[in-house]
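Examining the three-dimensional arrangement
Chain by chain, the residues run as shown.
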Amino acid sequence: DVNDTVNVAVVLNNSGTALLSWIPPTDNTDGSSLTDLGGYKIRYGTSSGSYSDTITINNPGITSYLVENLASADWHFVMTSFNSSGIESSYSSEVSKTVN
């Protein structure tokens, strides 16, 4: 079973960074309880729907991440969660941030 999508939000802060935060999923797509959450993947890039960079977080207890060293551009972010078997969820809704 694949985990439910992760809800993600981007918080505006210092130029060149984006603070992403989320609430961990609790259910699989079949409605059963998610008991083996393995972590998250943050995908991001400068074109909506196209993500050139990936950050893997292998700690399911983490609920925020600061993406740093972003160049001046419009950045687009999505996340997935994965279980201990490596089965990955579908993408979250995309969030965006403009770095000046």
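See the structure printed just above.
Residues numbered from 1 in each chain as written. Predicted model: local features only at pLDDT ≥ 70, side-chain atom pairs only at ≥ 80, totals over all residues. Heavy atoms only, no water.

Right, let's talk about the packing of aromatic side chains for a bit. Considering all chains together, one arrives at four aromatic pairs under this definition. Ring centres 5.8 Å apart and planes at 55 degrees place the aromatic pair Tyr 44 and Trp 75 in the tilted group. Residue Tyr 44 is found in strand E3 (residues 37–45), and its partner Trp 75 is found in strand E6 (residues 73–83); the two are separated by 31 residues along the sequence. Connected via pairs of aromatic rings, a cluster forms that spans Tyr 44, Trp 75 and Phe 77. (Phe/Tyr/Trp six-rings, centres within 6.5 Å; stacked < 30°, edge-to-face > 60°. Helix = DSSP H or I, 4+ residues; strand = E, 2+ residues; numbered from the N terminus.)

Before going further, it helps to examine the pattern of salt bridges. Side chains carrying opposite charge are able to pair once their charged atoms draw close together. Applying the stated criterion to the full structure yields two salt bridges. Where Lys 41 meets Glu 88, a salt bridge forms, and the shortest distance between an N and an O atom there is 4.0 Å. Of this pair, Lys 41 sits in strand E3 while Glu 88 sits in the loop between E6 and strand E7 (95–99); the two residues are 47 residues apart in sequence, bridging distant segments of the chain. The residue Glu 88 makes a salt bridge to Arg 43 at a minimum N-O spacing of 2.7 Å. (Salt bridge = Lys/Arg side-chain N within 4 Å of Asp/Glu carboxyl O.)

Moving on, we get to the nonpolar core. One finds Leu 20, Trp 22, Ile 42, Tyr 44, Val 67, Leu 70 and Phe 77 to be the most contacted residues of the largest nonpolar core, which totals 17 residues. Listing elements by their share of this core, those giving two or more residues are strand E2 (18–23), E3, strand E4 (53–57), E6 and E7. Residue contributions to this core peak at four residues, all from E3. (Core = buried A, V, L, I, M, F, W, Y, C linked by side-chain atoms within 4.5 Å. Buried < 20%, exposed > 50% of the residue type's maximum accessible area, 1.4 Å probe, protein only.)

Moving on to the pairing of E2. Two faces, one strand: in a regular strand the side chains alternate between the faces of the sheet. The alternating pattern of E2 places Ala 18, Leu 20 and Trp 22 on a buried face and Leu 19, Ser 21 and Ile 23 on a face that is not buried. The sheet contact formed by E2 and strand E5 (residues 64–67) spans four bridges and is antiparallel. When the sheet's bridge partners are listed, Ser 21 is paired in E5 with Ser 64. (Pairing = 2+ DSSP bridges.)

Moving on, we get to the sheet that holds E7. Taken in spatial order, the four strands make up an open sheet running E4-E3-E6-E7, and their pairing is antiparallel. Of all strands in the sheet, those bounded by a partner on one side alone are E4 and E7. When the angles between neighbouring strand axes are averaged without regard to direction, this sheet yields 25 degrees. One ladder, built from five bridges, connects E6 with E7; its direction is antiparallel. Its bridge partner lying in E7, Ala 73 is registered against Val 99. (Axes fitted to C-alpha atoms, helices over the stretch in contact; angles between N-to-C directions.)

Once that is clear, we can look at the side chain of Arg 43. Within the secondary structure layout, Arg 43 lies in strand E3. One polar contact links Arg 43 to Thr 80, side chain to side chain, over a distance of 3.4 Å. Not counting residues within four places of it along the chain, the set of residues in contact with Arg 43 comprises Tyr 51, Asp 53, Thr 54, His 76, Phe 77, Val 78, Thr 80, Glu 88 and Tyr 91. (Polar contact = N/O pair within 3.5 Å; in protein donor to acceptor, adjacent residues only side chain to side chain. Contact = heavy atoms within 4.5 Å.)

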